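Architecture at a glance
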Amino acid sequence: KISRLKSHRLVLLVESPLINMCTKDISLKAACADTFYYPQEWDPSRGSLDFFQQKKGFEHYFGKQRTKNLHKGILQIRFEMPFKVQCLRCEEFIGQGSRYDADKKKVGMYFSTPIYEFAMHCRVGTSHEKSADGRLYCNQRFVIRTDPKNADYELAEGCRRKVQTWDPQEAESISFVDPDMRRKMESDPMCRVEQTIRNVKKEKTDKERLRELADLQDDREDTYALNSVLRRSHRVKRKEEAIRLAGPINFGIPLALASEEDAREAAAVVFQTDYDKIEVSTRCAKIRSAPLFQRTASSGGSKNLAVAKVQDLVAKRRKLAQHSLMAR
């Protein structure tokens, strides 16, 4: 049911489940934009509901922030880069389609077409030294104006356009005929014939390449054969890995297979024995094996002689063991 009040506002009384379903997931902000909601501050005698919402800034997701500088002629919008540009401060490239919060302002007229200016800041992360205000982001100010005369954009401040040129024939892409060449082809039959002759060699090469791709695709259609080839290669790799790991484990690291070159290099290595170092080690071992307190000769000469022989024998055995280790 819809009833009209004295203030010309509409009040919707929901009694039907269909109406309840239609208005279930509508948020207040969406309702403001879609004119489903009539605020109490709106007076029909002062203008339409659309004008009231535009004045309050409810039709945009920026809200009231969008129209805060409207008295200066500045409107906050979402601006999308029309082409790839490079920042002059941080020298980073900004791709086509990147969106920014920009201030839109009318700066002039070209005949009856207005010229708009869009001001925004670079949001590329950089160091404090490169930043325009010493913060985390570059914050270089970009100023882009519309150019109705050339149907293009003019980069007024902070950035420059990245120009990419290539030859359509080298890129193997379609080359479009410009208007001057089209008029010349229409007026000159010989020029039209020269421009429309196909490249027979390129067409033949393309056909051969397409035929090879088709044959390769037909070969790959047999999934059983592909699976067999793959399993066979895996079996060969597993056997090689088992042979390589069949030897003794060395530090838990699998070693590579022995080769003749490794054997020749190992045989060419000559180890030199340092006899002076062996002699010093032998003396040190003899001194360590000797008793701390020596007995006197009066306590029994035969017993001291036997102990001395045992000590000499131990020293000799240690010397031989150390010599064999050094020789290795």
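Residues numbered from 1 in each chain as written. Predicted model: local features only at pLDDT ≥ 70, side-chain atom pairs only at ≥ 80, totals over all residues. Heavy atoms only, no water.

1. Regarding the sheet that holds strand 7 (residues 113-121)
For clarity, the threshold we go by: When DSSP finds at least two bridges between two strands, those strands are taken to pair. Helix numbers and strand numbers start at the N terminus; a helix is a DSSP run of H or I with at least 4 residues, a strand a run of E with at least 2. To obtain each axis, a line is fitted to C-alpha atoms, and for helices this fit is confined to the stretch in contact; angles are then taken between N-to-C directions over 0 to 180 degrees.
The sheet built from five strands is open, its strands ordered 3-6-7-8-9 with antiparallel pairing. Each having just a single partner strand, strand 3 (74-80) and strand 9 (152-157) make up the two edges of the open sheet. When strand polarity is set aside, the average angle formed by the axes of neighbouring strands in this sheet is 35 degrees. Note: strand 8 (residues 141-147) against strand 9, five bridges, orientation antiparallel. Note that in strand 9 the partner of Ile144 across the bridge is Leu155.

2. Regarding the confidence of the model for the protein chain
Rules: Confidence per residue, as judged by the predictor, is encoded in pLDDT with a range of 0 to 100.
Within the protein chain, residue pLDDT values average 76, and 73% of them lie at 70 or more. Of all helices and strands in the protein chain, the one with the weakest mean pLDDT is helix 1 (residues 17-22) (38), whereas strand 7 scores best (94).

3. Side note on the packing of aromatic side chains
Here is the rule: Whether two aromatic rings pair depends on their centres lying within 6.5 Å, for rings of Phe, Tyr and Trp, where Trp uses its six-membered ring; planes under 30 degrees apart make the pair stacked, over 60 edge-to-face, and the rest tilted. Buried, partly exposed and exposed residues are distinguished by accessible area as a fraction of the type maximum, computed with a 1.4 Å probe on protein chains only: under 20%, between the cut-offs, and over 50%, respectively. Criterion for a charge above a ring: Lys NZ or Arg CZ within 6 Å of the ring centre, and within 35 degrees of the ring normal.
Across all of its chains, the model carries four aromatic pairs by this definition. Centre to centre, the rings of Phe79 and Tyr153 are 6.4 Å apart; their planes meet at 80 degrees, and the pair counts as edge-to-face. Taken as a pair, Phe79 in strand 3 and Tyr153 in strand 9 lie far apart in primary sequence, 74 residues in all. Classification of Phe79 as buried rests on a relative accessible area of 6%. Classification of Tyr153 as partly exposed rests on a relative accessible area of 32%. Here the aromatic rings of Tyr110 and Phe111 are separated by 4.8 Å at their centres, their planes lie at 80 degrees, and the arrangement is edge-to-face. Taking the relative accessible area as the measure of exposure, Tyr110 reaches 30% and is therefore partly exposed. One aromatic cluster in this structure is built from Phe79, Phe83, Phe118 and Tyr153. The ring of Phe93 carries Lys84 above its face, with NZ or CZ at 5.5 Å from the centroid.

4. Thoughts on the sheet that holds strand 4 (residues 85-87)
Strand order in this open sheet of three strands is 5-4-10, and the pairing throughout is antiparallel. A strand with exactly one partner marks an edge of an open sheet, and here the two such strands are strand 5 (93-94) and strand 10 (159-161). Where strand 4 lies against strand 10, three bridges are found, and the strand directions are antiparallel. Within strand 10, the position partnered with Val85 by the bridge is Arg161.

5. Focus on a positive patch on the surface
Note the cut-off: To count toward a patch, a residue needs a relative accessible area over 30% and no salt bridge; like charges are then connected within 9 Å, while nonpolar side chains (Val, Leu, Ile, Met, Phe, Trp, Tyr) are connected within 5 Å. Here, Shrake-Rupley sampling with a 1.4 Å probe gives the accessible areas, and only protein chains in the shown set may cover a residue. Salt bridges are defined by distance alone: a side-chain nitrogen of Lys or Arg within 4 Å of a carboxyl oxygen of Asp or Glu. When charges are counted, Lys and Arg are positive and Asp and Glu negative, with His and the chain ends excluded. In plain terms, the charge of a residue is placed at NZ if it is Lys, CZ if Arg, CG if Asp and CD if Glu.
Taken together, Arg231, Arg232, Arg235, Arg238 and Lys239 make up a surface patch of like positive charges. Locating Arg232 in the fold gives a position in helix 7 (residues 223-244). Taking relative accessible area as the criterion, Arg232 reaches 45% and is therefore assigned partly exposed.

6. Re the pattern of salt bridges
Per the counting criterion, the structure on display carries nine salt bridges. For Glu80, the salt bridge goes to Arg99, with nearest N and O atoms at 3.3 Å. Placement of Glu80 in strand 3 and of Arg99 in strand 6 (residues 99-110) is noted, with a sequence separation of 19 residues between them. We classify Glu80 as partly exposed; its relative accessible area is 41%. Taking the relative accessible area as the measure of exposure, Arg99 reaches 56% and is therefore exposed. Residue Asp152 pairs with Arg161 through a salt bridge whose shortest N-O separation is 3.1 Å.

7. A few points about the pairing of strand 6
Within a regular strand, side chains alternate between the sheet's two faces. Note: strand 3 against strand 6, seven bridges, orientation antiparallel. Counterpart to Ile77 in the pairing with strand 6 is Ala102. Alignment of strand 6 against strand 7, held across seven bridges, turns out to be antiparallel. Bridging from a neighbouring strand, Met109 pairs with Pro114 of strand 7. Counting the residues between successive antiparallel strands, the hairpin from strand 6 to strand 7 contains two residues, one of them, Phe111, with a positive phi of roughly 55 degrees.

8. Quick word on unusual backbone geometry
Backbone geometry at Phe111 places phi at a positive 55 degrees, although glycine is not the residue there. Summarising the element assignment, Phe111 is placed in the loop between strand 6 and strand 7. In the Ramachandran plot, Asn139 falls in the positive-phi region, its phi being about 60 degrees despite a non-glycine side chain. Position of Asn139 relative to the elements: it lies in the loop between strand 7 and strand 8. Taking the relative accessible area as the measure of exposure, Asn139 reaches 13% and is therefore buried.

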